[in-house]
Amino acid sequence: SSRVQSAAATLLAVVPRRGAAPAARKVAKPRPSPYAKKEKMVNGVHVSGEVLKSDEKDFKWLKYGDVHDTVGHILGGIKTLGFSVHIDGASATSGRDYKSASFSAKLLNGTEKVADVSRVFVKAGKTLTVNHSYFEVEKSYQKKGIAKELFRHAFKEYQKLKVDHVEVGAGLTRGGYAWARFGFL
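Overview of the structure. (Residues numbered from 1 in each chain as written. Predicted model: local features only at pLDDT ≥ 70, side-chain atom pairs only at ≥ 80, totals over all residues. Heavy atoms only, no water.)

In this section: helix H4 (residues 146-161). In this model H4 runs 23 Å from its N-terminal to its C-terminal C-alpha over 16 residues, within 8% of the 22 Å that 1.5 Å per residue would give. Among all positions in H4, only Ile146, Leu150, Phe151, His153, Ala154, Glu157, Tyr158 and Leu161 are buried. Count one or two residues on from H4 and you reach Lys162, which has phi positive near 60°. (Helix = DSSP H or I, 4+ residues; strand = E, 2+ residues; numbered from the N terminus. Expected span 1.5 Å × (residues − 1). Buried < 20%, exposed > 50% of the residue type's maximum accessible area, 1.4 Å probe, protein only.)

Given below as C-alpha cells:
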C-alpha cells in the first residue's frame, strides 16, 4: 500500500494538474564550436576553411600567424591565376624536440576544383623540413602552368622560412617527370 501511495505521489509530481502552467524546461546552452571558420584575403589569395581552434594557434611557429595565413602564403602563387583556396583540414602537434604542422586544401576556380594540395612542415631540432605529401591537378587544368607557378612561389616562401629540406614524392602518373623539371632527382 505504501508503494502505491509513493508511485501515485511521483505520478502527480510529474504530470501537471489540469489548468496548471506547464513546468519550465531547462534549455541547454549550445557549446561553442571547437572550429574556427574563416574567410580572408592572404597575400592576394582568398582563403577559406574551418579548422580546429587549437590547431589554428599551433601554426604560429611557422611565422605567418594562423593556418589561413600560412596556407595563403605557401599557395600564394595561384593569385596570378585567379584561383581561391579552401582548407579541408589542418593539424599541428609538438613534442619535446619537434613541432609539426600540416594542411590539406583545394584550389578552386569559382566552385570548380582545380587541384588538391597537402603539405607537412616538421621542425626537428634546428632543421625545418617540408614534405610535399600530395598534389594532384584535375585533368582539365593540367598543362596550363599551374604546378609551375605554385611551386615557384612556394619555394620563395620556403627560403623566407629558412627551410632546410624539401621532400617530394612521385607517386602519381606525372610526378616523376614534373619533379625532374624542377631539379629534383
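Time to look at the packing of aromatic side chains. This structure, assessed with the given rule, holds five aromatic pairs. Between Phe83 and Tyr141, the ring centres sit 5.9 Å apart and the planes meet at 90°, which makes this aromatic pair edge-to-face. A residue pair is termed long-range when its members are at least 10 positions apart, and Phe83 in the loop between helix H3 (67-74) and strand E3 (84-94) and Tyr141 in the loop between strand E6 (127-137) and H4 qualify at 58 residues. Linked through ring pairs, Phe103, Phe121, Phe155 and Tyr158 together constitute an aromatic cluster. (Phe/Tyr/Trp six-rings, centres within 6.5 Å; stacked < 30°, edge-to-face > 60°.)

With that settled, consider the pairing of E6. Where strand E5 (residues 112-124) meets E6, nine bridges bridge the pair, whose relative direction is antiparallel. Each bridged residue has a counterpart across the sheet, and for Val120 the counterpart in E6 is Asn131. Linking E5 back to E6 in an antiparallel pair, the connection comprises two residues, with Gly125 at a positive phi of about 65°. (Pairing = 2+ DSSP bridges.)

Turning our attention to unusual backbone geometry. Phi at Asn43 takes a positive value of approximately 55°, unusual for a residue other than glycine. Residue classification places Asn43 among the partly exposed positions, given a relative accessible area of 27%. With phi around 80°, Lys63 is a residue other than glycine that occupies positive phi space. A relative accessible area of 66% places Lys63 in the exposed class.

Tracing the sequence through the fold places Thr70 in helix H3. A relative accessible area of 1% means that Thr70 is categorised as buried. In this structure Thr70 touches Phe59, Leu62 and Tyr64, once residues within four positions along its chain are discounted. (Contact = heavy atoms within 4.5 Å.)

Position of Thr111 relative to the elements: it lies in the loop between strand E4 (98-109) and E5. Spatially, the C-alpha atoms of Thr111 and Phe83 are 9.8 Å apart, while their sequence positions differ by 28 residues.

Turning next to the side chain of Thr129. Tracing the sequence through the fold places Thr129 in strand E6. Setting aside its immediate chain neighbours within four residues, Thr129 contacts Val120, Phe121, Val122, His165 and Glu167.

Our focus in this paragraph is the nonpolar core. Ranked by internal contacts, the top residues of the largest apolar core, which has 38 residues, are Ile74, Leu75, Val85, Phe103, Leu107 and Phe121. Elements that contribute at least two residues to this core include exactly strand E2 (45-52), H3, E3, E4, E5, E6 and H4. Sorting elements by how many residues they give to this core places H4 first, with six residues. When residues no more than four places from it in sequence are discounted, the contact partners of Ile74 are Tyr64, Phe103, Phe121, His153, Ala154, Glu157, Tyr158 and Leu161. (Core = buried A, V, L, I, M, F, W, Y, C linked by side-chain atoms within 4.5 Å.)

Turning next to the environment of Lys38. Mapped onto the elements, Lys38 comes out in strand E1 (residues 35-42). When residues no more than four places from it in sequence are discounted, the contact partners of Lys38 are Val47, Ser48, Gly49, Glu56, Asp66 and His68. Of the polar contacts made by the side chain of Lys38, one reaches the side chain of Asp66; its length is 2.4 Å. (Polar contact = N/O pair within 3.5 Å; in protein donor to acceptor, adjacent residues only side chain to side chain.)

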